[in-house]
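Remarks on the overall topology
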Amino acid sequence: MTLAASSRTDFSEITDNDTRRALFRGAMAKLGAAVNIITTDGPGGRTGFAATAVCSVTDDPPTLLVCLNRSASVYDAVTTNKVLCVNTLNAGHQPLSHLFGGKTPAAERFATADWSVLTTGAPALDDALVSFDCVIENTVSQGTHDVLFCRVVSTATRTEGQALFYFDRAYHAVSG
Ligand SMILES: NC(=O)C1=CN([C@@H]2O[C@H](COP(=O)(O)OP(=O)(O)OC[C@H]3O[C@@H](n4cnc5c(N)ncnc54)[C@H](O)[C@@H]3O)[C@@H](O)[C@H]2O)C=CC1
Ligand SMILES: Cc1cc2nc3c(=O)[nH]c(=O)nc-3n(C[C@H](O)[C@H](O)[C@H](O)COP(=O)(O)O)c2cc1C
């Protein structure tokens, strides 16, 4: 079987950082992912950000990882609070993703939705498909990002419905 038109890139031949980053991002745009709002609260304050770089690590102990850019405005709050809640968005949440993914002040990000608290105090989005309330147990720095290993201390599965998927630099609704 032959694949449709494709292009190959050998990263070892690319010496310019900006070019390499752009090529990597172009490739990553083909790796679709669920969209999540990651929230935190505590001594570092309440805030949150949109994230696709989230995945399951192990079920014993229940652990997921979140990749957080160290230059993000939320970085100090997340690392000070050491807790976060991963709220997986439904298809109607695209405006919320835009709010949490942009330059909007933290207080305004929370204004248009309803939030509860599960165990850690991090805000759980009331109509998320699922919320994972977590304690950050380990952190590994790689390049511009911190990989946060998060132990899940409670979950809330609230609704059925379509997922919000990010693929090819655009949002898509995905049915179960
Ligand atoms: N992992 C991350 O930090 C991500 C950050 N973003 C942010 O949202 C903005 C809009 O994203 P797109 O419209 O998809 O355009 P884009 O062309 O900047 O990104 C394409 C894809 O590359 C990956 N990516 C983007 N920035 C990255 C980063 N700094 N580190 C690792 N992977 C990254 C993501 O998979 C993204 O979907 C980006 O400029 C970026 O700042 C978006 C997705 C993931
Ligand atoms: C669809 C989408 C996915 C994103 N995924 C991530 C991610 O996984 N990790 C990350 O650090 N930033 C991610 N971002 C960017 C953050 O949401 C953004 O940098 C964050 O809101 C901080 O912005 P600020 O510095 O203006 O507060 C994503 C943005 C969008 C729109």
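In the block above lies the structure referred to throughout.
Now for a quick tour of the structure. None of the values given here were measured: they were computed from a predicted structure. Within each chain, residues carry numbers counting from 1 in the order of the written sequence. Ligands are numbered from 1 and chains lettered from A, in the order in which they are written. For a predicted model such as this one, the threshold for reporting local features is a pLDDT of at least 70, and the threshold for listing and counting side-chain atom pairs is 80 or more; totals across whole chains, interfaces and linings nevertheless cover every residue.

Details of the site of ligand 1
Think of it this way: take the backbone, place a C-beta atom on it, and check whether that atom is within 6 Å of the molecule or strand, in which case the residue is near it. The environment of ligand 1 is made up of R25, M28, A29, T52, A53, C67, N69, G101, T144 and R169. Each helix is a run of DSSP H or I of at least 4 residues and each strand a run of E of at least 2, with the numbering of both proceeding from the N terminus. Elements that contribute at least two residues to the shell around ligand 1 include exactly α1 (17–28) and β5 (62–69). In the shell around ligand 1, the residues fall into 4 nonpolar, 4 polar and 2 charged. The nonpolar class holds Ala, Val, Leu, Ile, Met, Phe, Trp, Tyr, Cys and Pro. Asp, Glu, Lys and Arg form the charged class, and all remaining residues, Gly among them, are polar.

Quick notes on the environment of V153
Among the structural elements, V153 can be located in strand β10 (residues 145–157). Taking the C-beta count within 10 Å as the criterion, V153 has 16 such neighbours and is therefore assigned partly exposed. In sequence terms V153 and Y171 are 18 residues apart; their C-alpha atoms lie 30 Å from each other. Contact between residues is assigned whenever the C-beta positions, reconstructed from backbone atoms, fall within 7 Å. In this view, V153 contacts T119, T120, D133, C134 and V135; residues no more than four positions away in its chain are not counted. Whether a residue is buried, exposed or partly exposed follows from its count of other C-beta atoms within 10 Å of its own C-beta, namely 20 or more, 12 or fewer, or something in between, respectively; the C-beta atoms are built from the backbone.

What about the sheet that holds strand β2 (residues 36–40)?
By this definition, two strands are paired if DSSP reports at least two bridges between them. Ordered by their spatial adjacency, 7 strands build an open sheet running β3-β2-β6-β9-β10-β5-β4, and the pairing between neighbours is antiparallel. Every interior strand has two partners, whereas the edge strands, β3 (47–51) and β4 (54–59), have only one. Shown here is a sheet whose adjacent strand axes are inclined to one another by a mean of 35°, direction ignored. Where β2 and β3 come together, 5 bridges link them in antiparallel fashion. The partner of T39 across the bridge, within β3, is G48. Packing of helix α3 (residues 94–101) onto the sheet brings it into contact with β2 and β3, and relative to β3 it is tilted by some 115°. For helices, the fitted axis covers only the stretch in contact; all axes are lines through C-alpha atoms, and the angles between them, taken along N-to-C directions, range from 0 to 180 degrees.

Overview of the site of ligand 2
Taken together, 17 residues surround ligand 2, and among them A51, A53, N69, S73 and G101 come closest. Broken down by secondary-structure element, the contributors of at least two residues to the shell around ligand 2 are β3, β5 and α3. Taken together, the residues of the shell around ligand 2 break down into 11 nonpolar, 5 polar and 1 charged.

Comments concerning the pairing of strand β11 (residues 163–167)
Of the two faces of β11, only the one carrying L164 and Y166 is buried; A163, F165 and F167 on the other face are not. With 2 bridges connecting them, strand β1 (residues 33–34) and β11 associate as antiparallel partners. Each bridged residue has a counterpart across the sheet, and for A33 the counterpart in β11 is Y166. Where β11 lies against strand β12 (residues 170–174), 5 bridges are found, and the strand directions are antiparallel. Each bridged residue has a counterpart across the sheet, and for F165 the counterpart in β12 is H172. Connecting β11 to the next strand, β12, in antiparallel fashion are 2 residues, including D168 with a positive phi near 60°.

So yeah, pure geometry; function would need other evidence.
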